[in-house]
Amino acid sequence: MSALPAARAADTAAPAVRCRELTKSFTGAGATVHALRGIDLDVPRGGMTMLVGPSGCGKTTLISVIAGILTPDGGECLVLGTELSTLHGQRLLDFRGRSIGFIFQQFHLVPTLTVIENVTIPLIINGTPTPHARAAAAEIIAEVGLGDRGRELPGVLSGGEQQRVAIARALVHSPALVVCDEPTSALDHESGQMIMALLRRFVSLRQATIIIVTHDDRILPFADRIARMDDGRIVGIDTEATAGGQR
Ligand SMILES: Nc1ncnc2c1ncn2[C@@H]1O[C@H](COP(=O)(O)OP(=O)(O)OP(=O)(O)O)[C@@H](O)[C@H]1O
């Protein structure tokens, strides 16, 4: 089934992410960088939103705040109905562990753990008993097309295969929100397209909300909406009418 009707219906519901006047600065070596200068952004539930803009405009800072990794200096950031500033310490870790999946450019797999052990990590952190975690991991590893590679170490896999493992790890605990920082930048064109097709399939099947920071213009046709950033602000949103293409 296409993700498109679900994404449209979701547009009318409470957004997955709502940012208002979000600010974040970094100070170092006597200089202050204003990375976020008042972000106003709604990300509807379901579907794939891409965040694009010139290098240094604040994209990674913004998804790090949305993912609860960085604390903003000011403004509001409501994620899945929870204002992040109300969560601290273990409650924030629990919220992140339950509700958010992460995919990075460089995969960040643990090199000494097998594929299946890597994929169990979010479930183990959330307290799932190991046998259940291994069964769920095996299932999703098969779904990403690596059913016969579960006992191998990540280092023997290609970049595209490692990113598929990272996708399995990001989605194994069925998070409502998945944030991705340049998920295709380290991959060749064909592997990048395969990764995006997989992510799109998961958007449809699991009705997750995915936010992707990217410089890779080749993947923009997979987006339901594209948020354009410049100099710490959102300067435009392209919705599916202009953004969509390869669903
Ligand atoms: N931890 C930090 N300490 C100091 N400055 C930082 C830090 N993180 C980000 N910055 C600065 O904040 C600004 C925004 O950085 P950010 O990484 O969010 O931009 P970006 O749009 O993701 O860039 P790119 O596309 O190059 O990854 C940049 O000027 C960057 O140098």
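Calculation criteria
Every residue gets a number counted from 1 within its own chain, in the order that chain's sequence is written. Two thresholds apply to this predicted model, a pLDDT of at least 70 for residue-level local features and 80 or more for giving and counting side-chain atom pairs, whereas whole-chain, interface and lining totals are computed over all residues. Based on all heavy atoms of the structure, the side-chain values leave hydrogens and waters out of the count. Any residue with a heavy atom lying within 4 Å of a molecule or strand is counted as near it. Contacts described as polar in this section are N or O atom pairs within 3.5 Å, which, within protein, must combine one atom able to donate a hydrogen with one able to accept it, while residues neighboring in sequence count only if both atoms come from side chains. Here the Shrake-Rupley method, with its probe set to 1.4 Å, supplies the accessible areas, and only the displayed protein chains count as covering residues. Secondary structure elements are taken from DSSP: a helix is a run of H or I of four residues or more, a strand is a run of E of two residues or more, and numbering for both begins at the N terminus. In this count, Pro and Cys sit with the nonpolar residues alongside Ala, Val, Leu, Ile, Met, Phe, Trp and Tyr, while Asp, Glu, Lys and Arg are called charged and the others, Gly among them, polar. Residues grouped as a nonpolar core are buried Ala, Val, Leu, Ile, Met, Phe, Trp, Tyr and Cys residues, joined through side-chain atoms within 4.5 Å. The classification of residues rests on relative accessible area computed with a 1.4 Å probe and restricted to protein chains. Under 20% of the type maximum is buried, over 50% is exposed, and intermediate values are partly exposed. In this description, strands pair whenever DSSP reports at least two bridges between them.

**Student:** When you look at the site of the ligand in this model, what are you seeing that I'm missing?
**Tutor:** Around the ligand sit Phe26, Val33, Ala35, Pro54, Ser55, Gly56, Cys57, Gly58, Lys59, Thr60, Thr61 and His215, and that is every residue in its neighbourhood. A distance of 2.8 Å is found between an oxygen atom of the ligand and a backbone nitrogen or oxygen belonging to Gly56. The backbone of Gly58 places a nitrogen or oxygen atom 3.0 Å from an oxygen atom of the ligand. Look at the ligand: alone it shows 630 Å² of surface, and the protein chains cover 59% of it. Contributions of two or more residues to the shell around the ligand are made by strand E2 (31–43) and helix H2 (59–66). Considering every element that reaches the shell around the ligand, the biggest residue donor is H2, with three residues. Broken down by class, the residue content of the shell around the ligand amounts to five nonpolar, six polar and one charged.

**Student:** Is there a simple way to think about the nonpolar core in this case?
**Tutor:** Generally speaking, nonpolar side chains in soluble globular proteins are found buried as a group. Formed by 40 residues in total, the largest nonpolar core has its most connected members in Met48, Met50, Val119, Ile167, Met196, Leu199 and Ile212. Looking at this core, the elements with two or more residues in it are strand E3 (47–52), helix H4 (115–125), helix H5 (130–143), helix H6 (159–171), strand E7 (177–181), helix H7 (189–206) and strand E8 (209–213). Judged by nonpolar contacts, the second largest core, of 30 residues, contains Val43, Leu62, Ile63 and Ile100.

**Student:** Sorry, what's going on with the pairing of E3 here?
**Tutor:** The two faces of the sheet receive side chains in turn, since in a regular strand these alternate between them. Most of E3 is tucked away, with six of its six residues classed as buried. Residues of E3 alternate between two faces, with Gly47, Thr49 and Leu51 on one and Met48, Met50 and Val52 on the opposite face, all of them buried. Taken together, the five bridges between E3 and E8 define a ladder with parallel strand orientation. If you follow Leu51 over to E8, its bridge partner there is Val213.

**Student:** Can you walk me through unusual backbone geometry in this structure?
**Tutor:** Backbone phi values are negative for most residues with the exception of glycine, while trans is the configuration of most peptide bonds. Positioned with a positive phi, Ser174 is a non-glycine residue whose angle comes to about 50 degrees. Despite not being glycine, Asp231 shows a phi value in the positive range, around 50 degrees. Structurally, Asp231 can be placed in the loop between strand E9 (225–230) and strand E10 (233–238).

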